[in-house]
Amino acid sequence: MNSPALHSNEPVIELRQIATRFGSHTVHEGLDLSVRRGEILGLAGGSGAGKSVLLREMIGLQRPSSGQVLVFGEDLSTLSAAQAQALRLRWGVMFQRGGLFGSISVRANVGLPLREHRQLASAEVDRIAEQKLALTGLPSDAGLKHPNELSGGMLKRAALARAIALDPELLFLDEPTSGLDPASSRGVDELILDTQAASGATVVIVTHDVDLMWRVCDRVAVLGEGHVMALGTMEELSSNPAPAVAAYFTNPREARTARAAQPAAA
């Protein structure tokens, strides 16, 4: 996990009294949350708690029914199209299923943000794309393949390479280890830590993976009953007396496995 010295209490994202409703169904009601600059924050909670919905609201793909979403101090609901586009260039998103285009190569997928938003020669785009793929630990020939030719773990790495193509200040990762075997999941955990350490980016992770939370997250927000039920370090959450929180974090096998994986200095 990050050293506390690497991040501050300055908020990069502020969610104020967020309410999200779909017809008569309420997902969020009065939800408040701040994400600090430079931290890795996990969004946890049971299925239907609204984790992915909240992520979509943070990146402006969906508006809450009421409340404010502020990113880098900007209220997303008040921005013009040009202002919203400029803000989006400051973050990167890794979608749950990769979100890569199957008809083009992995290198071309990673280069898409560069081609669209940077005035660069084609050869320079390819060079940067290859560099980003190398940073995620993919072999040199991976960029020439199509997404369907990659294993699950390699696909996650390629998706992260595209998310960091523009050197974002803020990264959103949606279920980065879902569907992976334990060895591949551990590799993605290490990749997230290495990427954050190298860039200093603020990272928000939606995940069900308790082991990932133990290994990677500085803090975790547990969503449920329409709001943030608990917020803190994994050590704090694992001893939280609230039944809904304790049930999520105190699975003995997962806790032992994740604790054993912690670096000695953690």
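The shown structure was predicted, so the numbers you read here are calculated from the model rather than taken from an experiment.

Here we look at the overall build of the chain
A count of helices and strands for the chain gives 10 helices and 10 strands. Relative to the globule expectation of 18 Å for 266 residues, the C-alpha radius of gyration of the chain, 18 Å, shows essentially globular dimensions. Counting only C-alpha atoms, the chain reaches 55 × 45 × 35 Å along its principal axes. The buried share of the chain, reckoned over its 266 residues, is 50%.

So, the sheet that holds strand β1 (residues 11-22)
Overall, antiparallel pairing links the 4 strands, which are arranged β2-β1-β4-β5 in an open sheet. Each end of this open sheet is capped by a strand with a single partner; those strands are β2 (25-36) and β5 (74-75). Here strand β4 (residues 66-71) runs beside β5; their pairing, made up of 2 bridges, is antiparallel. Bridge pairing links V71 to E74 in β5. Against the sheet, helix α1 (residues 51-58) engages β1, β2 and β4, with an angle of about 120° to β1.

Regarding the pairing of strand β6 (residues 91-94)
Burial along β6 is two-sided: W91 and V93 and G92 and M94, pointing in opposite directions, are all buried. Here β6 runs beside strand β7 (residues 170-174); their pairing, made up of 4 bridges, is parallel. Among the inter-strand pairings, M94 is bridged to a residue of β7, identified as L173.

Considering the sheet that holds strand β8 (residues 202-206)
Within the open sheet, the 6 strands sit side by side as β6-β7-β8-β3-β9-β10. Their pairing is mixed. Two strands lie at the open edges of the sheet, namely β6 and β10 (227-232), each paired on one side alone. Between one strand and the next, the sheet's axes are offset by a mean angle of 15°, whatever the strand orientation. Helix-sheet contacts for helix α5 (residues 152-163) involve β6 and β7, and the interaxial angle to β6 is about 165°.

What about the nonpolar core?
If you look at the biggest cluster of nonpolar residues, it comprises 30 residues, and the most contacted ones within it are I13, L15, L33, L43, M58, V71 and F172. In terms of residues, this core owes the most to one element, β1, which gives 4 residues. Excluding residues within four positions of it along the chain, L43 makes contact with L33, K51, L54, M58, V204, I205, V206, T207 and A221.

Examining the packing of aromatic side chains
Summed over all chains, the structure comprises 1 aromatic pair. Considering the side-chain rings of W91 and F172, the 5.9 Å spacing of their centres and the 90° angle between planes classify their relative orientation as edge-to-face. A residue pair is termed long-range when its members are at least 10 positions apart, and W91 in strand β6 and F172 in strand β7 qualify at 81 residues. Here the two residues W91 and F172 agree in accessibility, since each one is buried. Across the ring face of F72, the terminal group of R90 is positioned such that the distance to the ring centre comes to 3.8 Å.

Brief notes about the pattern of salt bridges
With the rule as written, the count across this model stands at 11 salt bridges. We note a salt bridge from E29 to R21, for which the minimum N-O separation is 2.9 Å. Across the pair E130 and R107 runs a salt bridge, and its minimum N-O distance is 2.6 Å. With E130 in helix α4 (residues 122-135) and R107 in helix α3 (residues 106-117), the pair connects residues that are 23 residues apart, well separated along the chain.

Thresholds, definitions, all that
- Residues numbered from 1 in each chain as written.
- Predicted model: local features only at pLDDT ≥ 70, side-chain atom pairs only at ≥ 80, totals over all residues.
- Heavy atoms only, no water.
- Helix = DSSP H or I, 4+ residues; strand = E, 2+ residues; numbered from the N terminus.
- Rg over C-alpha atoms; globule rule 2.2 N^0.38 Å.
- Buried < 20%, exposed > 50% of the residue type's maximum accessible area, 1.4 Å probe, protein only.
- Pairing = 2+ DSSP bridges.
- Contact = heavy atoms within 4.5 Å.
- Axes fitted to C-alpha atoms, helices over the stretch in contact; angles between N-to-C directions.
- Core = buried A, V, L, I, M, F, W, Y, C linked by side-chain atoms within 4.5 Å.
- Phe/Tyr/Trp six-rings, centres within 6.5 Å; stacked < 30°, edge-to-face > 60°.
- Lys NZ or Arg CZ within 6 Å of the ring centre and 35° of its normal.
- Salt bridge = Lys/Arg side-chain N within 4 Å of Asp/Glu carboxyl O.

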